[in-house]
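Listed below, chain by chain, are the residues.
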Amino acid sequence: MSDFAERVTRKNSGNETDLPLTISSKDGLVDQISYFNKTVASKDMSGYYLLRNGEYAYNKSYSVGYDFGSIKRLDRYPMGALSTLYICFALKKHDTDFIKVYFDSLKWYKEIYMISAEGARNHGLLNISSDDFLKLKILAPKAKNEQALISEFVMLMDRLVNESTDKLSKFRSMKHSLLQKMFV
């Protein structure tokens, strides 16, 4: 990974942002206030990492379906403050959408598994150093246009799945409503 990514350790020292972020494995990098209905961040976030739009963060904590944590790109906000428990990085090369869909695929878990020893959890977090994390082997086509085609295809499939899920939900709601009216 160090071939195409570099660590982001920039601090929010001037309190450039007052937006505390967290990683949801399902929803990505999100505002803590919206996600938790409160902030769990310190009042003074000057020691937090300052993450900018398009940069990534790795949450070493597991959640349902994400045994080795999740890696998400900041897409929703221009910037935000993130706890130093996370490993943050920016791309030096590669198509950023390709890297996003790659990390959404969980194919990188094999590499994380290889560097995390059994019993390597500390209070729910994997004990993975930033240096070891940046040594992960990521297989990617060298041609950026091939990366772009792959990411476009995967993102199109995601949109189709989401649209189908929305339609299914509406049909279920309609069926429920009709059954209520038919069998009064």
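If you're wondering where the values come from, they're calculated on a predicted model, not measured in any experiment. (Residues numbered from 1 in each chain as written. Predicted model: local features only at pLDDT ≥ 70, side-chain atom pairs only at ≥ 80, totals over all residues. Heavy atoms only, no water.)

Judged by side-chain polarity, Phe-171, Met-174, Leu-178, Leu-179, Met-182 and Phe-183 come together as a nonpolar surface patch covering roughly 660 Å² of accessible area. Examined against the element boundaries, Leu-179 turns out to sit in helix α5 (residues 144–182). (Patch = residues over 30% accessible without salt bridge, like charges linked within 9 Å, V, L, I, M, F, W, Y side chains within 5 Å. Areas by Shrake-Rupley, 256 points an atom, 1.4 Å probe, with all protein chains shown as cover. Salt bridge = Lys/Arg side-chain N within 4 Å of Asp/Glu carboxyl O. Helix = DSSP H or I, 4+ residues; strand = E, 2+ residues; numbered from the N terminus.)

Turning our attention to the confidence of the model for the protein chain. Averaged over the protein chain, the pLDDT score is 88; the fraction of residues at 70 or greater is 96%. Ranking the elements of the protein chain by mean pLDDT puts strand β9 (residues 121–122) last with 56 and strand β4 (residues 49–52) first with 96. (pLDDT = per-residue confidence, 0-100.)

Once that is clear, we can look at the pairing of strand β6 (residues 70–73). Judged by which residues are buried, β6 turns out to be covered on both faces: Ser-70 and Lys-72 on one side and Ile-71 and Arg-73 on the other are all buried. As paired strands, strand β5 (residues 56–59) and β6 are joined by 4 bridges and run antiparallel to one another. By the bridge assignment, Asn-59 is partnered in β6 with Ser-70. (Buried < 20%, exposed > 50% of the residue type's maximum accessible area, 1.4 Å probe, protein only. Pairing = 2+ DSSP bridges.)

What follows concerns the layout of surface pockets. In this structure, the largest pocket occupies an estimated 560 Å³ of space. In terms of lining, the largest pocket is formed by 22 residues, of which the most central are Lys-26, Lys-72, Lys-100, Asp-104 and Asp-158. Broken down by element, the residue count for the lining of the largest pocket peaks at 5 residues, all from α5. Considering only residue class, the lining of the largest pocket consists of 9 nonpolar, 3 polar and 10 charged. (1 Å grid on protein atoms, 1.4 Å probe; cavity = no way out; pocket = protein on both sides within 12 Å on 5 of 7 lines; lining within 4 Å. Points joined across faces, edges and corners; volume = space filled by probe spheres on them. Nonpolar A, V, L, I, M, F, W, Y, C, P; charged D, E, K, R; others polar.)

This brings us to the pairing of strand β2 (residues 21–24). Residues Leu-21 and Ile-23 of β2 are buried on one face, and the alternating residues Thr-22 and Ser-24, pointing to the opposite face, are buried as well. In textbook terms, the turn of a hairpin is the stretch between consecutive antiparallel strands, and for β2 and strand β3 (residues 28–31) this stretch comprises 3 residues.

Now for the side chain of Lys-72. You can see Lys-72 is positioned in strand β6. Judged by its relative accessible area of 10%, Lys-72 is buried. Of the polar contacts made by the side chain of Lys-72, one reaches the backbone oxygen of Ser-25; its length is 3.1 Å. Among residues more than four places away in sequence, those in contact with Lys-72 are Ile-23, Ser-24, Ser-25, Gly-28, Leu-29, Glu-55, Tyr-56, Ala-57 and Asp-104. (Polar contact = N/O pair within 3.5 Å; in protein donor to acceptor, adjacent residues only side chain to side chain. Contact = heavy atoms within 4.5 Å.)

Moving on, we come to the sheet that holds β6. Spatial strand order, β1-β8-β5-β6: 4 strands in an open sheet with antiparallel pairing. What marks the edges here is a single partner per strand, and that holds for β1 (5–7) and β6. Neighbouring strand axes in the sheet, compared pairwise and without regard to direction, differ in orientation by 30° on average. Taken together, the 3 bridges between β5 and strand β8 (residues 87–91) define a ladder with antiparallel strand orientation. Its bridge partner being in β8, Ala-57 is matched across the sheet by Cys-88. Packed onto the sheet, helix α2 (residues 96–105) meets β5, β6 and β8 and runs at close to 155° relative to β6. (Axes fitted to C-alpha atoms, helices over the stretch in contact; angles between N-to-C directions.)

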